[in-house]
There are 2 protein chains.
Amino acid sequence: MVKQIDPAAVTLAAQRIQGIANHTPVMTSRTLNQLTGREIYLKCENFQRVGAFKFRGAYHAVSQLSAAQKAAGVVTHSSGNHAQGLALAAQLLGVQATIVMPEDAPAIKKAATAGYGAHIVTCPAFDRDKVCAELMATYGYTLIHPFDNWDIIAGQGTAALELFIEAGDLDLLFVPVGGGGLISGCALAAAQQGAGCRVVGVEPAAGDDAGCSWREKRITTLDAVPNTMADGLRTRAIGERNLAVMTQYVHDMTAVNDTAILETLKFLWQRLKLVVEPSAAVALAPLFTGHYTAPGQRVGVILSGGNADVAALAAYF
Amino acid sequence: MVKQIDPAAVTLAAQRIQGIANHTPVMTSRTLNQLTGREIYLKCENFQRVGAFKFRGAYHAVSQLSAAQKAAGVVTHSSGNHAQGLALAAQLLGVQATIVMPEDAPAIKKAATAGYGAHIVTCPAFDRDKVCAELMATYGYTLIHPFDNWDIIAGQGTAALELFIEAGDLDLLFVPVGGGGLISGCALAAAQQGAGCRVVGVEPAAGDDAGCSWREKRITTLDAVPNTMADGLRTRAIGERNLAVMTQYVHDMTAVNDTAILETLKFLWQRLKLVVEPSAAVALAPLFTGHYTAPGQRVGVILSGGNADVAALAAYF
């Protein structure tokens, strides 16, 4: 098992991204509190730069590279928010980013990423690790892994750190889980700043590998990418650094199906007027649908992003 | 012409609704500032109770009634946000509200209003004034007019007052105009708190009666309800109190067509992650589409509400 990092790494990361990442608002709702019987504090990372928390970790990770690494450039594989987060972070730090995307990634995502000045390399989805490795060998690029990277983890944790500082003591913190970067950082933030707060990871029921991995203390890998509307959480396995942090610092894991995700998403759009993506609705779904009944009055929820396809989702409204 | 009120009425109204109306957030966006070349401060009344600024004026107006008036009850005609605002305000103050709605009002709006404990009376749209008058004569109800009422005007102005206090001096303030309640209050707030700020009213081009009325200093009435996607601004004329305030305190009026409204709405949803209704997009449209070119670096915009029909609007995305 990998060596742990000190939870204080999140505080350092917060200092490094201050004034560059958005300090996103914490929102509350009388209606939501009445419906759930709790006091809920929504950390709105849909208002983060590039529309998702991913910018925090990406900026932090690139900022920590050596001068030689920065000069050589960075690479990652992603068709989602990490791609845009890394592209913008690299642009701001004067570093060339190359993003490996599957051939069938939507044109709009390629264009958005290229708009931040990144090079886009497309390949068949199953070849992406190989293509990344070749680019690293040929050009000396540094891989910025989407979640299995300590600087990424510490950067993502700053979202929860800001929430604890602004909302005060919390009894529960709900965080969506894909590869485990966000929850690892948030759990470290809770260990640092959230005395007594229980950290709960939430993943789509269609791909509950993270819960299995957390319970069994070893990584479970799905045979295929899970089929869920929460497109930001379609990962087959968490990383080894994520397993190490989650085993020590996460208190519970739960899962929600797409019906619950959609019901929660509709409420967030229609009643709370927040455009969030399905992966963000995942974190609120256990409380909103009432299936999570463990005690805890003051509850934080990380609304991880807002990069939703409005036209496609509205078909379900 | 009616007698004016002192702009300080807005400050008094703010004290009376404090802790009951939401102090809504002011949001900014690097992307929006880059696109427009200005510093824009968005006052997000889509996060107000009932999803629109209308709660401010409604609560203020009902709170100012005498004990006898409160005991007798209130009435208004509206199928939109004023109906829900008045219903909730009355419920909170223990007053019975009766809302006259057109027969063809959407069932969902009737249900939402009834959900706050109001009585719903339906009638043909052209009979609504007569039906209101009959209810007042029979039951002694007090009419809470949606915009031609000093307490409504002062209450709506608290949105701009909060914005001036939070954002500091502004060069321009853009406000959507239907019946003129919001802009009247906001213009009074600017006179009170926004030294040097020019107040600009924006209405749908399909119904630019308010601009005509403001220029000619007398009320212009449209022959028919204007055909625009900005459903909150489908009024045939402003009120006489609104004309009096606008003539004295509003500095400019402009209009935007539905293409501009839709383009702005899409940006607010997709890029800024804010669910706003078309009437709110109206206020930002002159800057977003670049058709308003008068100078002014620091600019406030009142995003008036968020009660949008997601499914219907998303068909245009």
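Data block above holds the structure.
All figures in this text were calculated on a predicted structure; none of them were measured in a lab.

Cut-offs used in this document
Residues numbered from 1 in each chain as written. Chains lettered and ligands numbered in written order. Predicted model: local features only at pLDDT ≥ 70, side-chain atom pairs only at ≥ 80, totals over all residues. Heavy atoms only, no water. Core = buried A, V, L, I, M, F, W, Y, C linked by side-chain atoms within 4.5 Å. Buried < 20%, exposed > 50% of the residue type's maximum accessible area, 1.4 Å probe, protein only. Contact = heavy atoms within 4.5 Å. Buried area = accessible area lost by both parts, 1.4 Å probe. Salt bridge = Lys/Arg side-chain N within 4 Å of Asp/Glu carboxyl O. Polar contact = N/O pair within 3.5 Å; in protein donor to acceptor, adjacent residues only side chain to side chain. Axes fitted to C-alpha atoms, helices over the stretch in contact; angles between N-to-C directions. Helix = DSSP H or I, 4+ residues; strand = E, 2+ residues; numbered from the N terminus. Parallel < 35°, antiparallel > 145°, perpendicular 65-115°, else oblique. Left-handed = near helix turned anticlockwise from the far one by under 90°. Nonpolar A, V, L, I, M, F, W, Y, C, P; charged D, E, K, R; others polar. Pairing = 2+ DSSP bridges.

Chemist: Please explain the nonpolar core as it appears in this structure.
Modeler: Nonpolar side chains in soluble globular proteins tend to end up buried together. Core analysis: the biggest nonpolar cluster contains 82 residues, and Leu274 of chain A together with Leu274 of chain B have the highest contact counts within it. With near-sequence residues (within four places) excluded, Leu274 of chain A lies in contact with Met27, Leu42, Cys44, Asn46, Phe47, Leu268, Trp269 and Leu303 of chain A together with Phe47, Lys273 and Val275 of chain B.

Chemist: What's the story with the interface of chain B and chain A in this structure? I'm lost.
Modeler: Note: interface size is frequently given as the accessible area lost on complex formation between the parts. The interface is formed by 22 residues belonging to chain B together with 21 residues belonging to chain A. Here chain B and chain A share an interface that buries about 1700 Å² over both sides, 62% of which is from carbon and sulfur atoms. Three residues, Arg30, Lys273 and Val310 of chain B, lead the burial of chain B against chain A; their summed loss comes to 37% of the area buried on that side. Here chain B and chain A share zero salt bridges between them. At the junction of chain B and chain A, the tally comes to ten residue pairs in polar contact (both at pLDDT 80 or more).

Chemist: Where do I start with the packing of helix 5 (residues 81-92) of chain A against helix 6 (residues 107-115) of chain A in this structure?
Modeler: Two measures define how a pair of helices packs: the angle their axes make with one another and the distance between the axes. All names here are of chain A. Running from N to C, helix 5 and helix 6 cross one another at 15 degrees; their axes reach a closest spacing of 8 Å. Looking at the two axes, helix 5 sits roughly parallel to helix 6. Two packed elements cross with a definite hand, and for helix 5 against helix 6 that hand is right-handed. Side by side, helix 5 and helix 6 meet where Ala83, Gln84, Ala87 and Gln91 of the first sit next to Ala112, Thr113 and Gly115 of the second. Of the residues belonging to the contact of helix 5 with helix 6, the class tally is three nonpolar, four polar and no charged.

Chemist: Mind showing me how you'd approach the packing of helix 10 (residues 209-216) of chain B against helix 11 (residues 240-249) of chain B here?
Modeler: Residues and elements named next belong to chain B. With their axes 9 Å apart at the nearest point, helix 10 and helix 11 run at an angle of 65 degrees to one another. Regarding helix 10 and helix 11, the two cross each other, and that crossing is right-handed. Of the residues in helix 11, those in contact with Ala210, Ser213 and Trp214 of helix 10 are Leu243, Met246 and Thr247. When its residues are assigned to classes, the contact of helix 10 with helix 11 shows four nonpolar, two polar and no charged.

Chemist: Sorry if this is basic, but what is going on with the sheet that holds strand 1 (residues 26-27) of chain A here?
Modeler: Hydrogen bonds between backbone atoms are what pair the strands of a sheet, whose relative direction is either parallel or antiparallel. Residues and elements named next belong to chain A. With mixed pairing, six strands are arranged side by side in an open sheet as 1-2-10-7-8-9. Either end of the sheet is taken by a strand with one partner, and the two such strands are strand 1 and strand 9 (252-256). Looking at chain direction, strand 7 (residues 172-176) and strand 10 (residues 298-303) are connected through three bridges and run parallel. Among the inter-strand pairings, Leu173 is bridged to a residue of strand 10, identified as Gly300.

Chemist: Hey, could you run me through the sheet that holds strand 3 (residues 74-77) of chain A in this one?
Modeler: All names here are of chain A. The strand order across the open sheet built from four strands is 5-4-3-6, with neighbouring strands paired in parallel fashion. What marks the edges here is a single partner per strand, and that holds for strand 5 (119-123) and strand 6 (142-143). Relative to strand 4 (residues 97-102), strand 3 runs parallel, the two being bridged by four bridges. Following the sheet pairing, Thr76 is matched in strand 4 by Ile99. Set on the sheet, helix 5 makes contact with strand 3 and strand 4; between it and strand 4 the angle comes to about 165 degrees. The strands that helix 6 touches are strand 4 and strand 5; relative to strand 4, the one it contacts most, it runs at about 175 degrees.

Chemist: Where do I start with the environment of Gln18 of chain A in this structure?
Modeler: Note on placement: Gln18 of chain A falls in the loop between helix 1 (8-17) and strand 1. In the structure, Gln18 of chain A is positioned 273 residues away from His291 of chain A in sequence and 37 Å away in space, judged by C-alpha atoms.

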